[in-house]
Amino acid sequence: MGKRLGKGLNALFNDYEVGDQTVEQIPINECRTNPYQPRKTFDADAIEELKISILEYGIIQPLIVRRSIKGYEIVAGERRFRAAKEAGLHEIPAIIKDFDDRKMMEIALLENLQREDLTVIEEALAYKNLINELHLTQEELSKKLGKSRSHIANTMRLLSLPEEVIVYINNGELSMGHGRALLGLKNKDKLNGLVDKIRKNNLNVRQVEQMIIELNKKKPKQKPEKQQNDVFVQEYEMQLRDLLGTNVKIQKNKNKGKIEIEFYSDEELEQFVRMFQ
């Protein structure tokens, strides 16, 4: 389910003027990993494949490092560093930069988004970390990554699902589409039963969306006179949900109607207001 951010990492590094720097050979035993690297585990098979490539072709793309009291800290390229150690290299090509801690953290988080094996939940957590650690808005992150704000919002919204559902999405039992559909379920008490049906019957996203439409139609018995939304209103609800990245409810009566938009923070409310200005 590999996902990557819109811009390449090299394009992001241009903000830090990496492109014109001289490549130097530095001792591998003087390098240490980035203390802000959010990724703590590395796939052994992938490291082995990279090691074989390095033995045959060398390290094609230099690492980015910064000087430290005891040598160098790796800003970007920890997989290459680990594979180079496995290959028995004594020196590695690197570009030395004078980054502060904030830039170290930012690049480490951005590089983490470049992983081939990134799941949608890991992508959502990476967006959340970038926003929280670097104090960015979704709009600012959207411009930095070249991703739409709605994509970032929709992806992060998956983190509001129950923990067991997040686990199912992360391990591939449910897709991002399933997760987004489940977010539209109004009666959260029915969520676990619906998830069980999806897994047991291998339901696709369209089937789940239809089931949720039917479940959302059901009203409390004490309000039988309330009119049900027609299929066009339901479609508009789904379009607005996708556009805004949150649950939207449209109530349409004979002479008037109203739209309810869910938000989970003051920042989200402010962003929605700006969108309609």
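Keep in mind that this is a model prediction, so the values were computed, not measured. (Residues numbered from 1 in each chain as written. Predicted model: local features only at pLDDT ≥ 70, side-chain atom pairs only at ≥ 80, totals over all residues. Heavy atoms only, no water.)

### Description of the sheet that holds strand β1 (residues 23-27)
Argument step 1. Spatial strand order, β1-β5-β3-β4-β2: five strands in an open sheet with mixed pairing. Looking at strand neighbours, the two that pair on one side only are β1 and β2 (31-32), the edges of this open sheet.
Argument step 2. Two strands pair when backbone bridges link them, and strand β3 (residues 63-68) and strand β5 (residues 91-96) are joined in this way by three bridges, in the parallel orientation. Bridging across to β5, Leu-63 finds its partner in Ala-94.
Argument step 3. Packing against the sheet, helix α3 (residues 78-86) makes contact with β2, β3, β4 (71-76) and β5, and its axis sits at approximately 125° to β4.
Argument step 4. Sitting on the sheet, helix α4 (residues 101-112) is in contact with β3 and β4, with an inclination near 45° to β4. (Pairing = 2+ DSSP bridges. Helix = DSSP H or I, 4+ residues; strand = E, 2+ residues; numbered from the N terminus. Contact = heavy atoms within 4.5 Å. Axes fitted to C-alpha atoms, helices over the stretch in contact; angles between N-to-C directions.)

### Considering the pattern of salt bridges
Argument step 1. Taken as a whole, this structure holds ten salt bridges when the rule is applied.
Argument step 2. Arg-66 serves as the salt-bridge partner of Asp-101, at 3.0 Å between the closest nitrogen and oxygen. Of this pair, Asp-101 sits in helix α4 while Arg-66 sits in strand β3; the two residues are 35 residues apart in sequence, bridging distant segments of the chain.
Argument step 3. By relative accessible area, which is 40% here, Asp-101 ends up partly exposed.
Argument step 4. Here Arg-66 falls in the buried class, since its relative accessible area comes to 12%.
Argument step 5. As a salt-bridge pair, Arg-102 and Glu-106 come within 3.7 Å of each other at their nearest N and O atoms. Of this pair, Arg-102 and Glu-106 both sit in helix α4, four residues apart, which is roughly one turn of the helix.
Argument step 6. Within this structure, Arg-66, Glu-73 and Asp-101 form a network of salt bridges that share partners. (Salt bridge = Lys/Arg side-chain N within 4 Å of Asp/Glu carboxyl O. Buried < 20%, exposed > 50% of the residue type's maximum accessible area, 1.4 Å probe, protein only.)

### Looking at the side chain of Glu-73
Argument step 1. Along the chain, Glu-73 falls in strand β4.
Argument step 2. The exposure class of Glu-73 is buried, given its relative accessible area of 17%.
Argument step 3. At 2.8 Å, the side chain of Glu-73 forms a polar contact with the side chain of Arg-66.
Argument step 4. Other than its neighbours up to four places away in sequence, Glu-73 contacts Arg-32, Pro-35, Ile-64, Val-65, Arg-66, Ser-68 and Met-104. (Polar contact = N/O pair within 3.5 Å; in protein donor to acceptor, adjacent residues only side chain to side chain.)

### Quick notes on unusual backbone geometry
Argument step 1. At His-135, a position not held by glycine, the phi torsion is positive, near 55°.
Argument step 2. When you line up the elements, His-135 lands in the loop between α5 (120-134) and α6 (138-145).
Argument step 3. When its relative accessible area of 67% is taken as the criterion, His-135 is described as exposed.
Argument step 4. Its identity as a non-glycine residue notwithstanding, Asn-202 has a phi of 55°, on the positive side.

### Digging into the environment of Ala-46
Argument step 1. Structurally, Ala-46 is set in helix α2 (residues 44-57).
Argument step 2. Note: C-alpha distance between Ala-46 and Arg-79 (33 residues apart in sequence) is 8.8 Å.

### As for the side chain of Thr-155
Argument step 1. Tracing the backbone through its elements, the reader meets Thr-155 in helix α7 (residues 149-157).
Argument step 2. Setting aside anything within four residues of it in sequence, one finds Thr-155 in contact with Val-120, Glu-123, Ala-124, Tyr-127 and Met-176.

### Remarks on the pairing of β3
Argument step 1. Pairing analysis gives five bridges linking β3 to β4, with the strands arranged antiparallel. Looking at β4, one finds that Val-65 is bridged to Ile-74.
Argument step 2. Counting the residues between successive antiparallel strands, the hairpin from β3 to β4 contains two residues.

### Quick look at the nonpolar core
Argument step 1. Within the largest apolar cluster, 22 residues are counted, with the highest numbers of intra-cluster contacts made by Leu-158, Leu-161, Ile-169, Leu-174 and Leu-182.
Argument step 2. When residues of this core are traced back to their parent elements, those giving at least two are α5, α8 (163-170), α9 (176-183), α10 (191-201) and α11 (205-217).
Argument step 3. When sequence neighbours within four positions are dropped, the list of residues in contact with Leu-158 reads Val-120, Ile-121, Ile-166, Ile-169, Met-176, Gly-179, Arg-180 and Leu-183.
Argument step 4. Cys-31, Leu-63, Ala-84 and Ile-96 belong to the second-largest nonpolar core, a separate cluster that totals 19 residues. (Core = buried A, V, L, I, M, F, W, Y, C linked by side-chain atoms within 4.5 Å.)

None of the figures reported here should be taken as evidence of function without further support.
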